[in-house]
Each structure stands twice: as structure tokens, then as C-alpha cells.
Amino acid sequence: MSNDQIRFEDGASYERYMGIWSQLVAAKFLTWLAPQQGLSWLDVGCGNGAFTEMIFKQHQPSTVTGIDPAPAQIAYAHQRLDGYGATLYEADAQNVPLDDNSVNIAVMPLVIFFVPEPAKGVAEMARVVAPGGTVAAYTWDMFGGGFPYSPIQKAITEAGVTVPYPPSIEASRMEVMHELWLQAGLSNIQTEVISVTRSFVDFADYWETVLGAPSIGPQLNAMSASKQQAFQAQIRATLPLEANGQITLQAHANAIKGVVAR
Ligand SMILES: C[S@@+](CC[C@H](N)C(=O)[O-])C[C@H]1O[C@@H](n2cnc3c(N)ncnc32)[C@H](O)[C@@H]1O
């Protein structure tokens, strides 16, 4: 583990590595959330717009604001959401550039463990959501085997390579999120575990995908050709390769929602 920051510097690589996964979770999360149509939304840590796009496609929002501190993610989100009318800012979850009580619903998809002080991030969502509105999030269950790339992350660490981890990884635990929602004064708190699967066409598809990971991609790319080859063989042996070469992985996320008191 290292204290280096995970840098989100390429929206397209992010899409292949994580955006696709996020939308798989988002589809089930939005069904569980069951929001009304026509709400004003805040998407905190909107990244390259993976979740934001689903709000527009499924929930006819009145407005959507997305914030993310990474310029490359915001640039990709601008392209992806062109024509939808989203308002996007480079901003931090701990200091949301919106007025009190100014939106109906705030979401944090796959973000809470990246926020240095998660309690501040949740408090900010509770501040900007109007009474009766919803504050919600989902995050990979990092300690319960939910992260889709945990086998390769573990293997690279065991190989002695230092990789950066999100700064607030503890916040991926359901009980920690529940406590954060309580501390922020939210009520009617409900939680859900959301399971998803994703298939890669073959090992080459999987490998190209992980080379674009903001966490382990730089370390994989920096390996010598021989080390990378040996590591590939090691990882390949751990993956559930089907007869046709396809690889299907499972993952699960912890989701939470609560209501701002009236
Ligand atoms: C795993 S991505 C999730 C992106 C998007 N929500 C999705 O579901 O695909 C994590 C995002 O959190 C953003 N992030 C990191 N630190 C943050 C902070 N302090 N406040 C808000 N967003 C942050 C990153 O820039 C990155 O885009």
C-alpha cells in the first residue's frame, strides 16, 4: 500500500476499466433508489459521467450538477453528456459549490473512499439536499471481496510492487457508511448489497483494460517486458477462463440511502 494518490488522468481508459462496471451497478442502484422523475440531482465525484448519463437516460431530471476534482474526467464527462444540459464543475466533495437546500437528491457513486474526510463529504450532501430529499451512495465492498480487480491488486502487492490505495478505504464498509449517514443526521437509512457480473472477451481484453487502471496501470506499464510476461501468466492462471477464452468476473457494491429531515 502507498500514500501516493490515485490519479484519474484519462477518461477513456477509466471508462473501459471502471465506467462500464459503474453503470452495471448504477442500473440496479437506481431501481433500488426508485427516485421520482423530474428531480434536481447532484452527482458527487461524477468522474467521466458514467452515472450522470444514467440519470439523464432513466430519470428525466430537471437539473443535474456533477462535480469532480479531476480535469480529465470532467473533460470526458463534458463530451459524453453533450446535449443533455448537465452543469459540471471541477470541485471537491468536501466543499460542494452549491447553496444549502438547492437539490432534491445527491449521490456519490464509487467515490466515498476517495474522499479524505468522508464525514465532510456526506455532511456536504446533506447540506445541499432540501428537506425530504435523498442522500445516497454506493461503493465497492473493498474488504468483503467486492472489488472486481482485487485478485490482481493483491497479486501485484504480493509481488512487492507498491500501489496506491484510496485514502479512506474504511468508508467502503457498510457499517462505516451507516455511521456516516447517522452522523450527518439522515433518517430512514436503508442499505443494500448490489451484485454484478461483467465479461471480458478474452485475456487480452482483460489485460488491456487493467493497463488503463488509475491505481495499478502505471505500475504494470512500468514493468520490464519479461516481468510483465511472467506476471501476466500468473494472473491468467487465477482467472476463470472459459473454453472460448471469455472471462466473467463478479463484483459487489455496498449501497446506502437516507432522507434529509424536514
Ligand atoms: C471510481 S471513480 C467514480 C466516478 C463515477 N462516479 C463513476 O461512478 O464512474 C472515483 C472518482 O472520484 C473522484 N474523486 C476523488 N477524490 C474526490 C473528492 N475529494 N471529491 C470528489 N470526487 C473525488 C475521482 O476524480 C474519480 O473521478
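Residues numbered from 1 in each chain as written. Predicted model: local features only at pLDDT ≥ 70, side-chain atom pairs only at ≥ 80, totals over all residues. Heavy atoms only, no water.

**Q** Break down the site of the ligand for me, with residues and values.
**A** Taken together, 18 residues are adjacent to the ligand, and Tyr14, Ser22, Gly45, Asp68 and Pro109 come closest. The side chain of Tyr14 places a nitrogen or oxygen atom 2.6 Å from an oxygen atom of the ligand. When the residues that make up the shell around the ligand are grouped by side-chain class, the tally is 12 nonpolar, four polar and two charged. (Near = heavy atom within 4 Å. Polar contact = N/O pair within 3.5 Å; in protein donor to acceptor, adjacent residues only side chain to side chain. Nonpolar A, V, L, I, M, F, W, Y, C, P; charged D, E, K, R; others polar.)

**Q** Tell me about the nonpolar core, and name the residues and values.
**A** Ranked by internal contacts, the top residues of the largest apolar core, which has 59 residues, are Phe29, Trp41, Trp140, Tyr149, Ile152, Tyr206 and Leu220. A per-element tally of this core places helix α1 (residues 11-33) first, with 10 residues. The residues touching Leu220, leaving out its near neighbours within four places in the chain, are Ile152, Ile156, Trp207, Val210, Leu211, Gln228 and Phe231. By size, the runner-up hydrophobic cluster in this structure holds 29 residues, among which are Ala91, Met125, Val129 and Met174. (Core = buried A, V, L, I, M, F, W, Y, C linked by side-chain atoms within 4.5 Å. Buried < 20%, exposed > 50% of the residue type's maximum accessible area, 1.4 Å probe, protein only. Helix = DSSP H or I, 4+ residues; strand = E, 2+ residues; numbered from the N terminus. Contact = heavy atoms within 4.5 Å.)

**Q** Could you give me a rundown of the sheet that holds strand β2 (residues 63-67), with the residues and numbers involved?
**A** Ordered in space as β3-β2-β1-β4-β5-β7-β6, the seven strands form an open sheet in which the pairing is mixed. The strands lining the two open edges of the sheet, one partner per strand, are β3 (87-89) and β6 (187-200). Within the sheet, the average angular offset between the axes of one strand and its neighbour, ignoring direction, is 15°. Bridging between strand β5 (residues 129-140) and strand β7 (residues 247-259) involves seven bridges; their strand directions are antiparallel. (Pairing = 2+ DSSP bridges. Axes fitted to C-alpha atoms, helices over the stretch in contact; angles between N-to-C directions.)

**Q** Describe unusual backbone geometry, and please don't skip the residues or the numbers.
**A** Of note, the phi angle at Ala34 is positive, near 45°, even though the residue is not glycine. Checked against the element boundaries, Ala34 lands in the loop between α1 and β1 (40-44). Within the chain, Gln60 stands out as a residue other than glycine whose phi angle is a positive 35°. Within the secondary structure layout, Gln60 lies in the loop between α2 (50-59) and β2.

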